[in-house]
Amino acid sequence: YYVLTLSLSESNLHDIEKQLGFTSTLIDDQLLDKTEDIIYYSTQSSSISQFSDQVSTLNQEKMLLRLHELANEFRADRALLITKSLAIKSDTYIQKDSPQNFPYPDIRDHLESNSAFQLVLPMNDVIYHWVIFPIQSQNETLWLAFGNEIDKIFKYALDNISPLDINLSFAYEMPQSHWRYPKENFRLLGADFEHAIQKYLHHI
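Residues numbered from 1 in each chain as written. Predicted model: local features only at pLDDT ≥ 70, side-chain atom pairs only at ≥ 80, totals over all residues. Heavy atoms only, no water.

Asker: Sorry, what's going on with a negative patch on the surface here?
Answerer: There is a patch of like negative charges on the surface, built from D28, D29, D33, E36 and D37. Position of D29 relative to the elements: it lies in helix α1 (residues 2-44). (Patch = residues over 30% accessible without salt bridge, like charges linked within 9 Å, V, L, I, M, F, W, Y side chains within 5 Å. Areas by Shrake-Rupley, 256 points an atom, 1.4 Å probe, with all protein chains shown as cover. Salt bridge = Lys/Arg side-chain N within 4 Å of Asp/Glu carboxyl O. Lys, Arg positive; Asp, Glu negative; His and termini not counted. Charge placed at Lys NZ, Arg CZ, Asp CG, Glu CD. Helix = DSSP H or I, 4+ residues; strand = E, 2+ residues; numbered from the N terminus.)

Asker: How should helix α2 (residues 46-54) be read in this particular structure?
Answerer: For an α-helix, 3.6 residues make a turn, and residues three or four places apart therefore share a direction. Considered for burial, the residues of α2 that qualify are S47, I48, F51 and S52. Buried residues of α2, seen end-on, are gathered within an arc of 135 degrees and therefore sit on one face of the element. With a side-chain oxygen positioned 3.2 Å from the backbone nitrogen of S47, the residue opening α2 is S45. (Buried < 20%, exposed > 50% of the residue type's maximum accessible area, 1.4 Å probe, protein only. Arc of directions from axis to C-beta. Polar contact = N/O pair within 3.5 Å; in protein donor to acceptor, adjacent residues only side chain to side chain.)

Asker: I would appreciate a short explanation of the environment of T83 in the present structure.
Answerer: By secondary structure assignment, the location of T83 is in the loop between β1 (78-82) and β2 (88-91). Setting aside residues up to four positions removed in sequence, T83 forms contacts with K89, L111, L142 and W143. Within polar-contact distance, the side chain of T83 engages the side chain of S85 at 2.9 Å. (Contact = heavy atoms within 4.5 Å.)

Asker: Even after reading the chapter, I still don't get the side chain of S47, so can you show me in this structure?
Answerer: Take S47: it is sitting in helix α2. Those residues in contact with S47 that lie beyond four places of it in its chain are R66, L70 and E73.

Asker: Just to check I follow, could you spell out the sheet that holds strand β4 (residues 126-136) for this structure?
Answerer: Whenever strands of a sheet pair, they do so through backbone hydrogen bonds, lying parallel or antiparallel. Spatially, 5 strands are ordered β2-β1-β5-β4-β3 in an open sheet, and the strand pairing comes out antiparallel. Looking at strand neighbours, the two that pair on one side only are β2 and β3 (117-123), the edges of this open sheet. The average undirected angle you get between the axes of adjacent strands in this sheet is 25 degrees. As judged from the 9 bridges shared by β4 and strand β5 (residues 141-149), these two strands associate in the antiparallel manner. Looking across to β5, one finds that V131 is bridged to F146. In this fold α2 packs onto β1, β4 and β5, with an angle of close to 70 degrees to the strand it touches most, β4. (Pairing = 2+ DSSP bridges. Axes fitted to C-alpha atoms, helices over the stretch in contact; angles between N-to-C directions.)

Here's what the structure looks like:
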């Protein structure tokens, strides 16, 4: 019984390892496809051109309205308009704790290249896949950032393509080993489970 159980366990673990490898590749492909789609469409979209021409003359209310329209057009969960100094001119996610500046100064190196790039970074305890690209207004170069929640990006793919029957949530490590993760996903499993997750992440 012991030998049979051990053999079955090793076989199952091997299968799971292969399936997780497949899922990992799927995740990379999904991110790349999403990035390429947004970058390509941004060069073809008349809405982006119109927004670039008008943005310097828009008040805050109209700018936010146009940003919401662009987020819907690009099927983004969140959209930001950022200056070179990383000030956020407009943000479709309006909360009391929303930052006034893009909270990751390291992206200045990317901005200097004046070309599109993608990042995975959390804001307001939500982990986003960001695609960021420059637009030229009359007075300055600005950057549009379209963010999609990581968990949402992969839900369809994992449900319909991956051989694993799993629910996937992402955690993101911040400086000083502080972890961000979608807490509402873990609360559904109870306080004990959420506490265990926090303790586990802390020791990684």
